[in-house]
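Spelled out, the chains give:
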Amino acid sequence: MDTTQPRVRPRTDDDVEACVRALAEVHRRDGYPLNWPARPGHWLSQASALGSWVADLDGRVAGHVSLSRADEGDMAPALWSERNGTSGEQAAVVGRLFVAPWARGHGIGALLIGRAVVEARHRGLHPVLDVVASDTAAAALYERLGWTKLATVE
């Protein structure tokens, strides 16, 4: 198998430790997540009710994404449902998305988002996501992929 091209696959329990290491790199470099979780492995896993995937590159876990139902207080599903006159239960939240700094520039973010979107649509759900306003690189990626900004919320 060619390991020089990124490959997205379902995340396994065996991947969580590598995901936490990559997430720690992202947190140091980019400040994501904004508040470092006390139990990062649990934080990654709790949002995976509909699925979680990793991207492999050069034989290493290079990125992660999860798809979940909306939690109470999630802004994106509420804004989307209000705008479209539907229930927030018809939305699926794309989250826990990150790409290790060493693996950037290979289209991994787009691959991971694409996988989550396919799963959401397969389930008859509309994918939504939140992004911190200061994360302009992530916002630019989402816009390039055709996502629409619903609002800026403090």
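This text follows the structure it describes.
What you see is a predicted model; the values in this text were computed from it and never measured.

Student: So what about the environment of E72? Which residues, and what values?
Tutor: In this structure, E72 sits in the loop between β3 (60–69) and α3 (75–84). Sequence separation between E72 and R144 is 72 residues; the distance between their C-alpha atoms is 29 Å.

Student: So, the side chain of D56: which residues are in play, and what are the values?
Tutor: By the secondary structure assignment, D56 is in strand β2 (residues 51–57). In this structure D56 comes out as buried when scored by relative accessible area, which is 12%. At a separation of 2.6 Å, a polar atom in the side chain of D56 contacts the side chain of R9. Each residue touching D56, except ones within four places of it in the same chain, is listed here: Q5, P6, R7, R9, V61 and A62.

Student: Any chance you could break down the pattern of salt bridges for me, citing the residues and the numbers?
Tutor: When the charged atoms of two side chains with opposite charge come close together, those side chains can pair. Counted under the stated rule, the structure contains eight salt bridges. Between R123 and E119 there is a salt bridge, with the nearest N and O atoms lying 2.7 Å from each other. Residue class for R123 comes out partly exposed when judged on its relative accessible area of 41%. Given the relative accessible area of 13%, E119 is considered buried. The network of salt bridges with common partners includes R7, R9, D15 and D56.

Student: Give me helix α4 (residues 108–122): which residues, what numbers.
Tutor: A rise of 1.5 Å per residue sets the reference length of α4, with its 15 residues, at 21 Å; its end C-alpha atoms lie 21 Å apart and thus fit the reference within 8%. Here α4 has its buried residues at I108, G109, L112, I113, A116, V117, E119 and A120. In the segment just after α4, G124 is the residue with positive phi, at about 75°.

Student: Tell me what's going on with the nonpolar core, and back it up with residues and numbers.
Tutor: The nonpolar side chains of soluble globular proteins are, as a tendency, buried together. In this structure, V65, L67, I108, L112 and Y142 are the most contacted members of the largest nonpolar core, which totals 23 residues. Elements with a minimum of two residues in this core: β2, β3, β4 (91–99), α4 and α5 (136–144). For this core, the leading source of residues is α4, giving six residues. Filtering out sequence-adjacent residues up to four positions away, L112 remains in contact with V8, W53, V54, A55, G63, H64, V65, L97, F98 and V99. If you look at the next biggest cluster of nonpolar residues, it comprises 13 residues, including V20, L23, V26 and A100.

Student: Describe in detail the packing of aromatic side chains, supporting the description with residues and values.
Tutor: Applying the stated criterion across every chain, the model contains one aromatic pair. Between R60 and the ring centre of W102, over which it is positioned, the NZ or CZ distance is 3.9 Å. Between R96 and the ring centre of W43, over which it is positioned, the NZ or CZ distance is 3.9 Å.

Student: Please give an account of the pairing of β2 that cites residues and values.
Tutor: Here β2 lies mainly inside the structure; seven of its seven residues are buried. Neither face of β2 is exposed, since G51, W53, A55 and L57 on one face and S52, V54 and D56 on the opposite face are all buried. Summarising the sheet, strand β1 (residues 7–10) and β2 pair through four bridges and their orientation is antiparallel. By the bridge assignment, R7 is partnered in β2 with D56. Pairing analysis gives seven bridges linking β2 to β3, with the strands arranged antiparallel. Opposite V54, over in β3, you have H64 as the bridge partner. Here β2 folds back onto β3, and the loop between the two strands holds two residues, one of which, D58, carries a positive phi near 55°.

Reading the values: the criteria
Residues numbered from 1 in each chain as written. Predicted model: local features only at pLDDT ≥ 70, side-chain atom pairs only at ≥ 80, totals over all residues. Heavy atoms only, no water. Helix = DSSP H or I, 4+ residues; strand = E, 2+ residues; numbered from the N terminus. Buried < 20%, exposed > 50% of the residue type's maximum accessible area, 1.4 Å probe, protein only. Polar contact = N/O pair within 3.5 Å; in protein donor to acceptor, adjacent residues only side chain to side chain. Contact = heavy atoms within 4.5 Å. Salt bridge = Lys/Arg side-chain N within 4 Å of Asp/Glu carboxyl O. Expected span 1.5 Å × (residues − 1). Core = buried A, V, L, I, M, F, W, Y, C linked by side-chain atoms within 4.5 Å. Phe/Tyr/Trp six-rings, centres within 6.5 Å; stacked < 30°, edge-to-face > 60°. Lys NZ or Arg CZ within 6 Å of the ring centre and 35° of its normal. Pairing = 2+ DSSP bridges.

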